[in-house]
Amino acid sequence: MISALVIDGDQILCEKTATDWLPFGLNIPASSDDHKLSVMESEEAVNSEGFISLHPTDHGQNQAKNLKAQSSDRISAAVSLDYLRARHLTVPKSASFIPFRKLIMSLPTAYYQDLSAAMQLLRWQAHTRFCSRCAAALTPHPSERALLCANCKLTHYPRIQPCVITVVTRANPQTGVTQILLAHHHRYGKPDTDPQYGLIAGFVEVGESLEQAVQREINEEVGLAVSNIRYLGSQQWPYPSNLMAAFQAEFDSGDICVELAELSHADFFDITDLPKIPSKGSIAFEIIQQVIEQDRHSV
Ligand SMILES: [Zn+2]
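What follows deals with the sheet that holds strand 8 (residues 138-140). The three strands are arranged 8-9-10 in an open sheet whose pairing can be described as antiparallel. Looking along the sheet, the strands with just one partner apiece sit at the ends: strand 8 and strand 10 (155-156). Taken together, the three bridges between strand 8 and strand 9 (residues 147-149) define a ladder with antiparallel strand orientation. Pairing of T139 across the sheet is with L148, part of strand 9.

With 13 residues, helix 6 (residues 210-222) ought to run about 18 Å at 1.5 Å a step, and its terminal C-alpha atoms sit 18 Å apart, in line with that. Of the positions making up helix 6, those classed as buried are A213, V214, Q215, E217, I218, E221 and V222. Buried residues in helix 6 make contact with strand 11 (161-171), strand 12 (178-185), strand 13 (200-203), strand 14 (225-237), strand 15 (242-253) and strand 16 (263-270). One or two residues past the end of helix 6 sits G223, with phi positive at roughly 75°.

Taken as a class, soluble globular proteins show a tendency for nonpolar side chains to be buried jointly. Grouped together as the largest cluster of nonpolar side chains are 31 residues, with contacts concentrated most on V164, I165, V168 and I200. At the level of elements, strand 11, strand 12, strand 13, helix 6, strand 15, strand 16 and helix 7 (283-298) are the ones that each hand at least two residues to this core. Apart from the residues lying within four places of it in its own chain, the contact partners of I165 are L199, A201, M244, A246, I283 and A284. Ranked by size, the runner-up nonpolar core spans 30 residues in total, among them I2, F51, A118 and L121.

Confidence in the prediction of the chain, expressed as mean pLDDT, is 87, and 88% of residues score 70 or more. Of the regions scoring below 50 in pLDDT, residues 36-44 engages in 17 contacts with residues more than four places distant in sequence or in other chains. Every residue in residues 57-66 is under pLDDT 50, and counting partners more than four places away or in other chains gives 14 contacts.

Basis of the calculations
Residues numbered from 1 in each chain as written. Predicted model: local features only at pLDDT ≥ 70, side-chain atom pairs only at ≥ 80, totals over all residues. Pairing = 2+ DSSP bridges. Helix = DSSP H or I, 4+ residues; strand = E, 2+ residues; numbered from the N terminus. Expected span 1.5 Å × (residues − 1). Buried ≥ 20, exposed ≤ 12 C-beta atoms within 10 Å, placed from the backbone. Contact = placed C-beta atoms within 7 Å. Core = buried A, V, L, I, M, F, W, Y, C linked by C-beta atoms within 7 Å. pLDDT = per-residue confidence, 0-100.

Following this line, the structure appears as structure tokens:
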């Protein structure tokens, strides 16, 4: 038997612990060709559809001891729910699929990285079935985490999309209190009683540097110019497969003019009186906390 995470779209099979829902490794038969491939050829191999070998990050290996496997094997793979169904394997009645967004509020970073990678790889594999150059069917690459076209030999690697997310700061013109720019996006729903706000973010375009993408996104979405752009950190974000590069920038000039196709409202808010912001586990939450900490230390 091997121990595998079970993933259905953006939901992970979990079981209830005393305090929370936690992902666990489900025992699945080790006699499948998938497992032979993963052990004999490459720990990073893409195996048959719906099965991905995992090799947790170094940091993750320590954390993985806490991830409960049904057997003594460490969790070495992730499978899709369709993979289980096709083999007439069932999940325990006590287990439940929990959305990743809900799990990241409480999971340690290492879990986050491995679960996010597994979700992205399974989705990429399911969506990458034919060669984009010659349209022949793709097969697992024998030695890399990739798919190979048997016809034209083109290798297809998993794709990630770079995005920028920026916390724009200024001093409140009346009081001097540090403020951050927040926007209410249409995807958060109607801005009713307790509206959720977020930071300005967007995809990097071909030919742009990250800093140029920061300036363009802020200009397009709220009509402001910013300066003193500084890198804060990054996070993978599996919706669908983004690498979020986070920045801080200072308000430079302009009046807020909201791009109504995407946003319903945007404004500067005192950091002492913020509206509802993205939850813990997201990089937006982390970089807003960084600004709050910076401000606390500068007083
Ligand atoms: Zn091809």
